[in-house]
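# Examination of the molecular architecture
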Amino acid sequence: MAEATRLTRSGRLEEAMALLRGSIPIRAANVANSPAFNVEQGPIAAGAKIIDMVPPPDGREGSWTAPRAEEQPREAATNPARSKGLRDLMDRLGQFGPGTNLPGLAGGLRSVAPAPLPDGARFEERTYTNQAGSRGYKLYVPSSYNSQPLPLIIMLHGCTQSPDDFAAGTRMNELAEEYGFLVAYPGQPSSANSSRCWNWFSPGDQLRDRGEPSLIAGITQQIMRDFSVETGSVFVVGLSAGGAAAAIMVYPDLYAATGIHSGLACGAAKDVPSAFAAMRQGGSGLTASRPGQRPPRSIVFHGDRDKTVNPVNADQVIAQSKGETELRTVVSRGQSVGGISYTRSTHADECGRIMLEQWILHGSGHAWSGGSAAGSYTDPKGPDASCEMV
């Protein structure tokens, strides 16, 4: 993995992608002796696992894209050695994870059985399709729903996760039952990204009404048509790659606020090399909110020991949202019941309304704070991010 990163940094993208695809044999000696190799530098290895892109065909100029679903089975059938090499590489990637003992953090795709439902509640499987493709999603309808308007939260999972896994880890369905709101979990299929990551680093998936943003917004609008949703109470939340995707979904006419956990700012990357760089050291060339535009309400969580996505990205999310707006900042500190210390910064407008809120979790890694061990990428000892977002 370190060798692939070294090739990417030096501009040898074709060789790096060939290595990632298993076309170049990988030997343990190559990794261990590479100057870039360091088990503690988790962002490099984890970053490569998150990114699954292919160059423009025939060496032409253009954007790197996610592999088309129809190409994958054919490639595996015509070149079984390449397919096996890629699987072997993905196995190796798990060995160079962030170095924590969090369940499922460096593992493969995980299947989680849905939790038992309260009487009268539903956890439906649904599908949305538009010109950009089709995405399945799961929708939790609390037992209290009786066609009265309820808030709606859209939850975007991280890499290797599924809607059921994300629901279990965040416990958002339990909160939906307690407080009375709808919660939806769009699912990224392996046909769109082999590790089920949202393609936040792809230029075609960073624009309104294009690509994955159009699918996420379309799912939201479909639910608003099919159910009674409270006006002005629709929100989008994401973790890791899902957090980066949520940062793209700044639709003031659709979402009242955004929750970003361990993610990156909109536009932090435009291709594979800049995605590596953004995860390692933050995005560059980010654009802030337009002058005179009120910042989108956002709540941001990030562990300061995150070795997958550098915590500087949390600062960039806040800075991008704030732009040139004058806000009053208040900083407080505390400790969760589980013993994780945190710093919480709130940024309020002239009326005292909190527009931006940032939680820095001291000693935490790349995981959903306060989540359940029943799901992957969770840190049960941290402050309850789900409750704070709600």
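Fair warning: this is a prediction, and the values are worked out from it, not measured in the lab.

With that settled, the discussion passes to the overall build of the protein. Looking only at helices and strands, the protein has 13 helices and 12 strands in total. Expressed as a percentage of its 390 residues, the buried residues of the protein come to 53%. Once local pairs closer than 6 in sequence are excluded, the contacts in the protein between residues at least 24 apart make up 65%. Accessible surface for the protein amounts to roughly 17,100 Å². Of this, 49% is attributable to carbon and sulfur atoms.

Scanning the model with the defined rule gives nine salt bridges in all. Across the pair Arg208 and Asp209 runs a salt bridge whose closest N-O atoms are separated by 3.9 Å. A salt bridge links Glu357 to Arg344, with the shortest nitrogen-to-oxygen separation between them at 2.8 Å. Here Glu357, found in strand E10 (residues 354–362), pairs with Arg344, found in strand E9 (residues 341–348); they are 13 residues apart in sequence, far enough to count as distant. Judged by its relative accessible area of 11%, Glu357 is buried. Since its relative accessible area comes to 23%, Arg344 is described here as partly exposed. Residues participating in the shared-partner salt-bridge network are Arg122, Glu124, Arg126 and Asp226.

Now for the nonpolar core. In terms of nonpolar packing, the biggest core is built from 38 residues, with Leu139, Ile154, Leu156, Leu182, Ile223 and Tyr255 touching the most fellow members. With residues up to four places along the chain from it excluded, the contact list for Ile154 reads Ala184, Pro186, Ile216, Thr220, Ile223, Phe235, Val236, Val237 and Tyr255. Within the second largest apolar cluster, 25 residues are counted, among which are Tyr140, Ala176, Phe301 and Leu361.

Glancing now at the environment of Arg305. Summarising the element assignment, Arg305 is placed in the loop between strand E7 (298–303) and helix H12 (312–322). Judged by relative accessible area, which is 57%, Arg305 ranks as exposed. Residues Arg305 and Leu361, 56 residues apart in the sequence, show an inter-C-alpha distance of 8.3 Å. Look past the residues within four positions of Arg305 in its chain and what remains in contact with it is Gly363, Ser364 and Gly365.

To describe a pair of aromatic rings, you give the distance between the ring centres and the angle between the ring planes. Counting across every chain of the model gives nine aromatic pairs. Measuring from centroid to centroid gives 6.5 Å for Phe166 and Tyr185, while their planes differ by 85°, and the two rings are edge-to-face. Of this pair, Phe166 sits in helix H7 (residues 163–170) while Tyr185 sits in strand E4 (residues 182–186), and the two are 19 residues apart along the sequence. Here Tyr185 falls in the buried class, since its relative accessible area comes to 0%. In this structure an aromatic cluster arises from ring pairing among Phe123, Tyr140, Phe166, Tyr185 and Trp368. If you follow Arg208 out to its NZ or CZ, it ends over the ring of Tyr251, 4.3 Å from the centre.

Evaluation of the coordinates by the stated rule reveals one disulfide. Paired through a disulfide, Cys159 and Cys197 show a sulfur-sulfur distance of 2.1 Å. Since a negative S-S torsion denotes a left-handed disulfide, the Cys159-Cys197 link at about 130° is right-handed. Taken together, the positions of Cys159 in the loop between strand E3 (150–156) and H7 and Cys197 in the loop between E4 and helix H9 (211–226) put the pair 38 residues apart, joining distant regions of the chain. In this structure Cys159 comes out as buried when scored by relative accessible area, which is 6%. Take Cys197: its relative accessible area is 0%, and that puts it in the buried class.

Here His347 is to be found in strand E9. The exposure class assigned to His347 is buried, which follows from its relative accessible area of 9%. In the structure, His347 is positioned 10 residues away from Glu357 in sequence and 6.3 Å away in space, judged by C-alpha atoms. Once you skip the residues sitting within four places of it in the chain, His347 turns out to touch Ile318, Leu327, Arg328, Thr329, Arg353, Ile354, Met355 and Leu356.

Sheet strands line up and pair through hydrogen bonds in the backbone, either parallel or antiparallel. Read from one edge to the other, the open sheet built from 10 strands follows the order E1-E2-E4-E3-E5-E6-E7-E10-E9-E8, with strand pairing classed as mixed. If you trace the sheet from one side to the other, it starts and ends with strand E1 (122–130) and strand E8 (328–335), each paired once. On average, adjacent strands in this sheet sit at an angle of 15° to one another, irrespective of strand direction. When E3 meets E4, the two strands line up parallel, connected through three bridges. From the neighbouring strand, Ile153 faces E4, where its bridge partner is Val183. Sitting on the sheet, H9 touches E1, strand E2 (133–141), E3, E4 and strand E5 (229–239), and the angle it makes with E1 is about 125°. In the packing of H12 onto the sheet, contacts are made with strand E6 (257–261), E7, E9 and E10, and the angle to E10 comes to roughly 170°.

Right, let's get into the pairing of E10. By the criterion of burial, E10 is predominantly enclosed, with seven of the nine residues buried. Pairing of E7 with E10 involves six bridges; the strand directions are parallel. By the bridge assignment for E10, Ile299 is matched with Glu357.

Analysis parameters
Residues numbered from 1 in each chain as written. Predicted model: local features only at pLDDT ≥ 70, side-chain atom pairs only at ≥ 80, totals over all residues. Heavy atoms only, no water. Helix = DSSP H or I, 4+ residues; strand = E, 2+ residues; numbered from the N terminus. Buried < 20%, exposed > 50% of the residue type's maximum accessible area, 1.4 Å probe, protein only. Contact = heavy atoms within 4.5 Å. Areas by Shrake-Rupley, 256 points an atom, 1.4 Å probe, with all protein chains shown as cover. Salt bridge = Lys/Arg side-chain N within 4 Å of Asp/Glu carboxyl O. Core = buried A, V, L, I, M, F, W, Y, C linked by side-chain atoms within 4.5 Å. Phe/Tyr/Trp six-rings, centres within 6.5 Å; stacked < 30°, edge-to-face > 60°. Lys NZ or Arg CZ within 6 Å of the ring centre and 35° of its normal. Disulfide = S-S within 2.5 Å. Pairing = 2+ DSSP bridges. Axes fitted to C-alpha atoms, helices over the stretch in contact; angles between N-to-C directions.

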